Amino acid sequence: MLGCAATKAPYSATEKTTHRLELDTAQGAVICSGTAVNAYVILTAAHCLPEANESIDIKINGRVAKVLKYAKDGNDHVMIKVDIAFGHAAKFAANPVAK
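In this report, we go over the structure that sits alongside the text.

## Some words on the environment of Gly34
Phase 1: As for its position among the elements, Gly34 is in strand E2 (residues 28-38).
Phase 2: When its relative accessible area of 2% is taken as the criterion, Gly34 is described as buried.
Phase 3: With 13 residues separating them in the primary sequence, Gly34 and Leu21 have C-alpha atoms 6.7 Å apart.
Phase 4: In contact with Gly34, other than residues within four places in its own chain, are Thr17, Thr18, His19, Leu21, Ile42, Leu43 and Thr44.

Here is the structure:
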């Protein structure tokens, strides 16, 4: 098994935007966590996805989702657009603090 192991999700009432991702790839099963950033987009680590030319089968919290498209940023982040909606999405603070 590859990826960043995640437990059951959502993890708690305060973390409704965190989800368990399960992917079947040519290298084997991958389990990662991800954060819903809008109704149909989840942010996760790019190393959780297979190579670009490989098709993707994904389950989110055990529910099969079709990957519509995804975008990697080159810094191990990927945003994945799927065909199922998330009930909650992460929000930015009104005044983010840079440290």
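Here the narrative resumes, following the displayed structure.
## Some details on the sheet that holds strand E1 (residues 18-25)
Phase 1: Spatial strand order, E5-E4-E1-E2-E3-E7-E6: 7 strands in an open sheet with antiparallel pairing. The strands lining the two open edges of the sheet, one partner per strand, are strand E5 (63-65) and strand E6 (67-72). Taking each pair of neighbouring strands and ignoring which way they run, the sheet shows an average axis angle of 35°.
Phase 2: In this sheet, strand E7 (residues 77-82) lies alongside strand E3 (residues 41-45) in antiparallel orientation, the contact comprising 5 bridges. Looking at E7, one finds that Val41 is bridged to Lys81.

## Some details on the side chain of His19
Phase 1: Position of His19 among the secondary structure elements: in strand E1.
Phase 2: Within the local environment of His19, its side chain forms a polar contact with the backbone oxygen of Thr17, the two atoms lying 3.5 Å apart.

## Notes on unusual backbone geometry
Phase 1: For Asn61, which is not glycine, the phi torsion reads 55° and is therefore positive.
Phase 2: Residue placement: Asn61 occurs in the loop between strand E4 (57-60) and E5.
Phase 3: Look at Asn61 and you get partly exposed, because its relative accessible area is 31%.
Phase 4: Even without being glycine, Asp76 reaches a positive phi, approximately 65°.

## Quick look at the state of the cysteines
Phase 1: In total, this model carries 1 disulfide according to the counting rule given.
Phase 2: Linked covalently through their sulfurs, Cys32 and Cys48 form a disulfide whose S-S length is 1.9 Å. Here Cys32 and Cys48 share a disulfide; its torsion about the S-S bond, -90°, makes the bridge left-handed. Here Cys32 is found in strand E2, whereas its partner Cys48 is found in the loop between E3 and E4, with 16 residues between them in sequence.
Phase 3: The exposure class assigned to Cys48 is buried, which follows from its relative accessible area of 2%.

Reading the values: rules and limits
Residues numbered from 1 in each chain as written. Predicted model: local features only at pLDDT ≥ 70, side-chain atom pairs only at ≥ 80, totals over all residues. Heavy atoms only, no water. Helix = DSSP H or I, 4+ residues; strand = E, 2+ residues; numbered from the N terminus. Buried < 20%, exposed > 50% of the residue type's maximum accessible area, 1.4 Å probe, protein only. Contact = heavy atoms within 4.5 Å. Pairing = 2+ DSSP bridges. Axes fitted to C-alpha atoms, helices over the stretch in contact; angles between N-to-C directions. Polar contact = N/O pair within 3.5 Å; in protein donor to acceptor, adjacent residues only side chain to side chain. Disulfide = S-S within 2.5 Å.

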